[in-house]
Amino acid sequence: MTTTNQYDFRKATMLDLPLLVEWQSHPHVREWWDDDEPFDQEEIDDPRVAKWIVETDGRPFAFMQDYTVHGWDEHHFAQLPEGSRGIDQYIGEPDMIGLGHGSALIATRVRSLFDAGAPVIATDPHPDNKRAIAVYRKIGFEVCGPSQETEWGLILPMQVTR
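Residues numbered from 1 in each chain as written. Predicted model: local features only at pLDDT ≥ 70, side-chain atom pairs only at ≥ 80, totals over all residues. Heavy atoms only, no water.

**Overview of the layout of surface pockets**
When its volume is computed, the largest pocket comes out at roughly 1,500 Å³. Surrounding the largest pocket, 50 residues form its lining, Trp 32, Trp 33, Asp 88, Gln 89 and Tyr 90 being those nearest its centre. Broken down by secondary-structure element, the contributors of at least two residues to the lining of the largest pocket are α2 (27–30), β3 (49–56), β4 (59–68), β5 (85–91), α4 (101–115), α5 (130–138) and β9 (153–155). When its residues are assigned to classes, the lining of the largest pocket shows 22 nonpolar, 15 polar and 13 charged. (1 Å grid on protein atoms, 1.4 Å probe; cavity = no way out; pocket = protein on both sides within 12 Å on 5 of 7 lines; lining within 4 Å. Points joined across faces, edges and corners; volume = space filled by probe spheres on them. Helix = DSSP H or I, 4+ residues; strand = E, 2+ residues; numbered from the N terminus. Nonpolar A, V, L, I, M, F, W, Y, C, P; charged D, E, K, R; others polar.)

**Some points on the pairing of β3**
On a regular strand, each side chain points to the face opposite its neighbour's, so the side chains alternate between the two faces of the sheet. Extensive coverage of β3 is indicated by the burial of eight of its eight residues. Across four bridges, the pairing between strand β2 (residues 7–11) and β3 is antiparallel. Across the sheet, the residue bridging to Arg 10 is Ile 53, located in β3. Here eight bridges tie β3 to β4, and the two strands are oriented antiparallel to one another. Within the sheet, the bridge partner assigned to Val 54 lies in β4 and is Ala 62. The antiparallel pairing of β3 with β4 creates a hairpin that spans two residues between the two strands, and Asp 57 there sits at a positive phi of about 50°. (Buried < 20%, exposed > 50% of the residue type's maximum accessible area, 1.4 Å probe, protein only. Pairing = 2+ DSSP bridges.)

**Observations regarding unusual backbone geometry**
Positioned with a positive phi, Asp 57 is a non-glycine residue whose angle comes to about 50°. Along the chain, the position of Asp 57 falls in the loop between β3 and β4. You can call Asp 57 exposed: its relative accessible area is 79%. In this structure, Glu 74 takes a positive phi of about 55° despite not being glycine.

Right under this line is the structure:
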């Protein structure tokens, strides 16, 4: 488990599946995160992606993942320098939205990834997800290309450099 500031990032396991299914049933998550099954054991074991349950004061409230952008053929961030990471996340608990946790937990994880040597952190919100885009901009991400269709859906590429 990684503890930074007020957030604990613990590796997600199959034991977290019921919690993630519950979180993904909430409309505020389903709007932008449409997976019906959060993950299976093969995805948990995938070395390209680190999956985290984010807690504050011992309460799990968010899911986050970071991944190597060079782990897939023709990934939309493959042009980034070696060691770059991509991130995705959502706040699962409805009562934790709008309290500043999103920008704080993302900034915390970004600092951790930079400290581990990542030169660039990238993310790819849906172009209509204005709240997410505003949060990313607040912590230093900039749009780094036009909206584009990918195998994961329509995205707006954004990045922040060390």
